[in-house]
Structures are given as structure tokens and as C-alpha cells.
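# A look at the structure
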Amino acid sequence: MRPVLAKPGGVTGCSEDSQLVSDLFHALNQPITALRCSLELSLHRPRTAEQYRDTLQAAMQQAELIAGWAVGIRALLQADDAGDDLQVLALDSFLRDAVADLEPVAESLQLEFGLHCDSAGCVLFEPRRLQQALCGVLDFAIALSSAGSTVMVDARDRDREAVIVLATSQGDAVLDSGSAWQPPKDAARILRQRLGLAIPRRIVAAAGGSLQAETTRGGLRIELCLPLVPALV
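Figured I'd write up the structure that's included with this text. (Residues numbered from 1 in each chain as written. Predicted model: local features only at pLDDT ≥ 70, side-chain atom pairs only at ≥ 80, totals over all residues. Heavy atoms only, no water.)

### Re the overall build of the chain
Within the chain one finds five helices and eight strands. When the helices and strands of the chain are listed from N to C terminus, the series reads β-α-α-β-α-β-β-α-β-β-α-β-β. The burial tally for the chain puts 39% of its 233 residues in the buried class. Expressed as a percentage of contacts within the chain between residues at least 6 apart in sequence, the contacts between residues at least 24 apart total 78%. Surface summary for the chain: the accessible area is close to 12700 Å², and the carbon and sulfur share equals 54%. (Helix = DSSP H or I, 4+ residues; strand = E, 2+ residues; numbered from the N terminus. Buried < 20%, exposed > 50% of the residue type's maximum accessible area, 1.4 Å probe, protein only. Contact = heavy atoms within 4.5 Å. Areas by Shrake-Rupley, 256 points an atom, 1.4 Å probe, with all protein chains shown as cover.)

Here it is as C-alpha cells:
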């Protein structure tokens, strides 16, 4: 196995986050620069109505990119805030809700989506944050899966922590027998995927847990570990 897109917490995780923030601001600067240049040219060169319309359409696209990267950066920087509404929550129900929310998406992409939950434990978490983390990890795995693939979620209690393992396997139609799974090579798409996994990783770390993602021969394996707490009676 080898790491993919995100690493465990600690010093290495901090280094990864720093590089990610740097890459995100670089990506944000590109549409800002393109938008400014486009508008400056429009101001200094007479253009037809059609050319002005094309310029405005391009400017809108750049503005959408700017807004998207800005929202992502904000979410990343806020992800390590544990929140003010910490509660003892049954992990089982939140995990089932997260899977149920994304099942229609998985079906539309022709993915097989399964859940096996043996965890009866509770975690100390802000409800909104826990839902965001679980949905973020599931959404990340779905986004990297092709039609005919399988996405399986297995949750269990181990000692004093809950362990959630999410594994994907590619279908025969999209993976040759001699091929290994590879992330897409598009730089912007890879950056969005790094962001998509870094946000839940930081949320989990803020609650005292950890998240690790690795490639396997046929897909992806993500492991979340969350400390268990006694249930309130």
C-alpha cells in the first residue's frame, strides 16, 4: 500500500496541510489574475457587443472558480475547530445517516454501496461536525470510484476506539487485470480531492482521532479511528 492525497496527523500532517494551503492559494490566484487581465483588456480595447458578452461570460466562470476555492480554503481553516456544542453521540446512527444520504448519488453513478456496522460505541463530537466528516469521507470515495465499482463501509469497536474502514474496489469493466488504481492526473481535480479529504481529516483530528488513506491494488482504503466515550444514561 502507499499513501494517497492525505497523511496521518502529527508533524507530517501539519506539513501536508501547509503545502495544501499554499497550493490552494496558488489555485485561487490563477482565476483572480485571469479575471483582472480580461477586464483590463476590455477597458483598453474597443470591442463589439458579442466580444463584451464573451468577456462577461468568461469573467463569470473565473468568479465562480474564485468563489469555489475561497469556500474550500475557509472550510479547511475552520476544520480544526472542535466546535462549542460537543455531545456524546452514537456513532452507528450518524454513520447510517451519512450512508443513506449518499446512496442516491452512488446509485446514479452505478456504484454498489454497502455498510456493515458492528460499532455500538459513542463518540464526543459536535453533531454537525461528525456528519460533515463522515459525509466528506464517503463523498471522497464515491468521487474516486468508477461505474461498476463497490464502496464498502465497515465499522467496529476496537479497544477504546471506533474504527471505520472504507474500501473501494474497481469493477472489471473499468480495471484491467494487470492495472493498478491511479488517481486522475488533472491538477485542479487532484487539488480538490486533496482538499476533500483534508477537511474531514482535520475535523477528526480535532476530536482526538485520526484518518489515513492508502491506495491498494484495486482501489482505495480509508481508515478513521475515533476515541470512544461512555454513553450517557
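So much for the structure itself; the text now carries on.
### A closer look at unusual backbone geometry
Phi angles above zero are rare outside glycine, and Gln110 is one such case at about 60°. Within the secondary structure, Gln110 sits in the loop between α3 (91–108) and β3 (112–117). Overall, the relative accessible area of 59% leaves Gln110 in the exposed class. A positive phi angle is found at Asp159, which is not glycine, with a value near 55°. Along the chain, Asp159 falls in the loop between β5 (150–158) and β6 (161–169). Using a relative accessible area of 77% as the deciding quantity, one classes Asp159 as exposed.

### Description of the nonpolar core
Within the largest apolar cluster, 53 residues are counted, with the highest numbers of intra-cluster contacts made by Phe113, Leu130 and Ile222. Counting residues per element, this core draws most heavily on helix α4 (residues 127–143), which supplies nine residues. The contacts of Leu130, once residues within four sequence positions are left out, are Leu89, Leu91, Phe94, Val123, Phe125 and Leu226. (Core = buried A, V, L, I, M, F, W, Y, C linked by side-chain atoms within 4.5 Å.)

### So, the environment of Ile222
Mapped onto the secondary structure, Ile222 falls in strand β8 (residues 219–227). The exposure class assigned to Ile222 is buried, which follows from its relative accessible area of 0%. Along the primary structure Ile222 and Leu138 are separated by 84 residues, whereas in three dimensions their C-alpha atoms are 9.5 Å apart. Beyond its immediate sequence surroundings of up to four residues, Ile222 is in contact with Val137, Phe140, Ile164, Val165, Leu166, Leu197, Leu211, Gln212 and Ala213.

### Remarks on α4
End to end, α4 covers 24 Å across 17 residues, agreeing with the expected 24 Å (1.5 Å per residue, within 8%). Of the residues making up α4, those classed as buried are Arg129, Leu130, Gln131, Ala133, Leu134, Cys135, Val137, Leu138, Phe140, Ala141 and Ile142. (Expected span 1.5 Å × (residues − 1).)

### Section: the packing of α3 against α4
Where α3 contacts α4, the two axes come as close as 9 Å, and the packing angle between them is 40°. Taken as axis vectors, α3 and α4 run oblique relative to one another. In this structure, the crossing between α3 and α4 has a hand that is right-handed. The residues of α4 that touch α3, namely those facing Leu91, Phe94, Leu95, Asp97, Ala98, Val99, Asp101, Leu102, Val105 and Ala106, are Pro127, Leu130, Gln131, Leu134, Cys135, Leu138, Asp139 and Ile142. (Axes fitted to C-alpha atoms, helices over the stretch in contact; angles between N-to-C directions. Parallel < 35°, antiparallel > 145°, perpendicular 65-115°, else oblique. Left-handed = near helix turned anticlockwise from the far one by under 90°.)

### Description of empty space enclosed by the protein
The full count for this structure, using the stated rule, is one cavity of 30 Å³ or more. Of the pockets and cavities examined, the largest cavity occupies roughly 50 Å³. Looking at the lining of the largest cavity, the elements that each hand over two or more residues are α4 and β6. Broken down by element, the residue count for the lining of the largest cavity peaks at three residues, all from α4. Class assignment for the residues of the lining of the largest cavity results in eight nonpolar, no polar and no charged. (1 Å grid on protein atoms, 1.4 Å probe; cavity = no way out; pocket = protein on both sides within 12 Å on 5 of 7 lines; lining within 4 Å. Points joined across faces, edges and corners; volume = space filled by probe spheres on them. Nonpolar A, V, L, I, M, F, W, Y, C, P; charged D, E, K, R; others polar.)

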